[in-house]
Amino acid sequence: MAKDFQPYSNLWLTTRQWHKSHNSWLNDPWEKLNAADLDTIFENCNKVMAGVLRFFRDKDFPKITKIAESMKKNIDDFKPYVPLALALRKDGMKDRHWDQISEKVGFDIRPIEGFNLTSVINAGMLNFTEFCEEVGERAYKEFHIEKSLTKM
């Protein structure tokens, strides 16, 4: 009985987690955005929803399949923003890194009061994801070098 109920449970629990997390990611202040959690939750929701969708398509439940398809679409629509959020929330992002990004994009972008993931998206930063990943990775490496030097 529990096995038969599992796909329904996965659908509703994943939908709940997605809506709660997605709203938080988009609207919470930048410093509260935990990129590692975002990545983990996103990947889990994506995986679970794909399985749920397969199950309900195979069982031919059109109404529930429509709900699962809608959720999968919401998750898939968010997918391009995940690497951008991960890059910009890397440990070690300092003003100099934000200066590099601002110079590349042609306008000032940095975490100030009221800054959140929605601000990043609305600023059109998706077009600069690759550059942001490069800067984020460089910041992360510099951060770990500085940490190692401090330990010495």
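Residues numbered from 1 in each chain as written. Predicted model: local features only at pLDDT ≥ 70, side-chain atom pairs only at ≥ 80, totals over all residues. Heavy atoms only, no water.

Draft legend 1. Here's a closer look at the overall build of the protein chain. Scanning the protein chain for helices and strands turns up 7 helices and 0 strands. In summary, the protein chain has a C-alpha radius of gyration of 19 Å against a globular reference of 15 Å for 152 residues, an excess of more than 25%. By principal-axis analysis of the C-alpha atoms, the protein chain measures approximately 55 × 40 × 25 Å. Buried residues in the protein chain amount to 34% of all 152 residues. For the protein chain, the share of sequence-separated contacts (at least 6 apart) that also reach a separation of at least 24 residues comes to 73%. Of the charged side chains in the protein chain, 23 are positive and 23 negative; the average position of the first set lies 6 Å away from that of the second. (Helix = DSSP H or I, 4+ residues; strand = E, 2+ residues; numbered from the N terminus. Rg over C-alpha atoms; globule rule 2.2 N^0.38 Å. Buried < 20%, exposed > 50% of the residue type's maximum accessible area, 1.4 Å probe, protein only. Contact = heavy atoms within 4.5 Å. Lys, Arg positive; Asp, Glu negative; His and termini not counted. Charge placed at Lys NZ, Arg CZ, Asp CG, Glu CD.)

Draft legend 2. Structural context of the side chain of Ser 102. Note that Ser 102 resides in helix H5 (residues 95-105). Excluding its chain neighbours within four sequence positions, the residues that come into contact with Ser 102 are Phe 107, Asp 108, Ile 109 and Arg 110.

Draft legend 3. How the structure looks around the packing of helix H4 (residues 81-88) against helix H7 (residues 129-151). One way to put it is that H4 packs onto H7 with a least axis distance of 8 Å and a crossing angle of 30°. Taken together, the axis directions place H4 and H7 in an arrangement best described as roughly parallel. Both H4 and H7 take part in a crossing whose hand is left-handed. Residue-level inspection shows Pro 83, Leu 84, Ala 87 and Leu 88 of H4 in contact with H7, the latter providing Thr 129, Cys 132, Glu 133 and Gly 136. Considering only residue class, the contact of H4 with H7 consists of 5 nonpolar, 2 polar and 1 charged. (Axes fitted to C-alpha atoms, helices over the stretch in contact; angles between N-to-C directions. Parallel < 35°, antiparallel > 145°, perpendicular 65-115°, else oblique. Left-handed = near helix turned anticlockwise from the far one by under 90°. Nonpolar A, V, L, I, M, F, W, Y, C, P; charged D, E, K, R; others polar.)

Draft legend 4. Layout of the packing of aromatic side chains. Overall, the coordinates contain 13 aromatic pairs when judged by the stated rule. Plain terms: the ring middles of Trp 18 and Phe 78 are 5.7 Å apart, the flat faces sit at 80° to each other, and that makes the pair edge-to-face. Of the two residues, Trp 18 is situated in helix H1 (residues 2-27) and Phe 78 in helix H3 (residues 62-78); the sequence distance between them amounts to 60 residues. Classification of Trp 18 by relative accessible area gives buried; the value is 2%. Of the aromatic side chains, those joined through ring pairs into one cluster are Phe 5, Tyr 8, Phe 55, Phe 56 and Phe 61. (Phe/Tyr/Trp six-rings, centres within 6.5 Å; stacked < 30°, edge-to-face > 60°.)

Draft legend 5. Geometry of the packing of H1 against H3. Orientation of H1 relative to H3, taken along the N-to-C sense of each, is 30°, at an axis distance of 11 Å. Judged on the interaxial angle alone, H3 and H1 are roughly parallel. For the pair H1 and H3, the sense of crossing is left-handed. Residues Tyr 8, Leu 11, Trp 12, Thr 15, Trp 18, His 19, His 22, Trp 25 and Leu 26 of H1 form the contact with H3, whose own contacting residues are Ile 64, Ile 67, Ala 68, Met 71, Asn 74, Ile 75 and Phe 78. Among the residues forming the contact of H1 with H3, the class breakdown is 12 nonpolar, 4 polar and no charged.

Draft legend 6. Molecular detail of unusual backbone geometry. Here Asp 60, not a glycine, exhibits a phi torsion of approximately 60°, which is positive. Take Asp 60: it is sitting in the loop between helix H2 (35-59) and H3. Here Asp 60 falls in the exposed class, since its relative accessible area comes to 62%.

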